[in-house]
Amino acid sequence: SAPNVRRLSTAVGGGDNKNPSSNPVVSDDGRMVVFATAAGGVDASFADNNDTGDVHVVATAPGGGAARLSRSPSGGEATASSDLPALSGDGGSV
């Protein structure tokens with residue numbers, strides 16, 4: 001059968017991001033992916049307005065949305081770029 005291919009680094013609603021994504025890392029079982037992008041609008045629950053690189057994690061299961069991980073200690077936007085994500089083999093730690 002054909003492999004299941006799904007584009008993960010999209011804007012909310014499935015559209016194109018305004019900036020490219022880079023440095024993807026996939027968990028050993030393929031269920032989790034982390035990547036870096038300076039694009040805003042990847043995480044529906046967090047406004048990203050600083051055009052700085054951020055790390056996002058996505059569950060690859062259908063309907064799995066992206067969550068932005070790069071945040072300041074207070075939970076707001078980070079003040080520096082995050083560009084080189086790492087992911088544990090089981091997908092439990094970024």
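Residues numbered from 1 in each chain as written. Predicted model: local features only at pLDDT ≥ 70, side-chain atom pairs only at ≥ 80, totals over all residues. Heavy atoms only, no water.

## Describing the pairing of strand E2 (residues 32-37)
Threshold: Only protein chains enter the accessibility calculation, which uses a 1.4 Å probe. A residue is then buried if its area is under 20% of the maximum for its type, exposed if over 50%, and partly exposed in between. Secondary structure elements follow DSSP: runs of H or I of four or more residues count as helices, runs of E of two or more count as strands, with numbering from the N terminus. Two strands qualify as a pair provided that DSSP identifies no fewer than 2 bridges between them.
Across the six residues that make up E2, a large majority, five, are buried. Between the end of strand E1 (residues 21-26) and the start of E2, which pair antiparallel, lie five residues, with Gly 30 showing a positive phi angle near 80°. Pairing of E2 with strand E3 (residues 54-59), which is carried by six bridges, proceeds in the antiparallel orientation. Each residue of the ladder has a partner; that of Thr 37, found in E3, is Asp 54.

## Points about the environment of Val 55
What counts here: Throughout, a residue-residue contact means that at least one pair of heavy atoms, one from each residue, lies within 4.5 Å.
Summarising the element assignment, Val 55 is placed in strand E3. Sequence-wise, Val 55 and Leu 84 are 29 residues apart; in three dimensions their C-alpha atoms are separated by 7.8 Å. Ignoring any residue separated from it by four or fewer positions in sequence, one finds Val 55 in contact with Val 34, Phe 35, Ala 36, Ala 67, Arg 68, Leu 69, Ser 70, Ser 82, Pro 85 and Val 94.

## Examining unusual backbone geometry
Of note, Asn 23 is a non-glycine position whose phi angle comes to about 55°, a positive value. Note on placement: Asn 23 falls in strand E1.

## With respect to the confidence of the model for the protein chain
Note the threshold: Along the chain, pLDDT gives the predictor's confidence residue by residue, from 0 to 100.
Averaged over all residues, the pLDDT of the protein chain is 83; the fraction at 70 or higher stands at 95%. The element-level mean pLDDT for the protein chain is lowest in strand E4 (residues 66-68), coming to 83, with E1 highest at 91.

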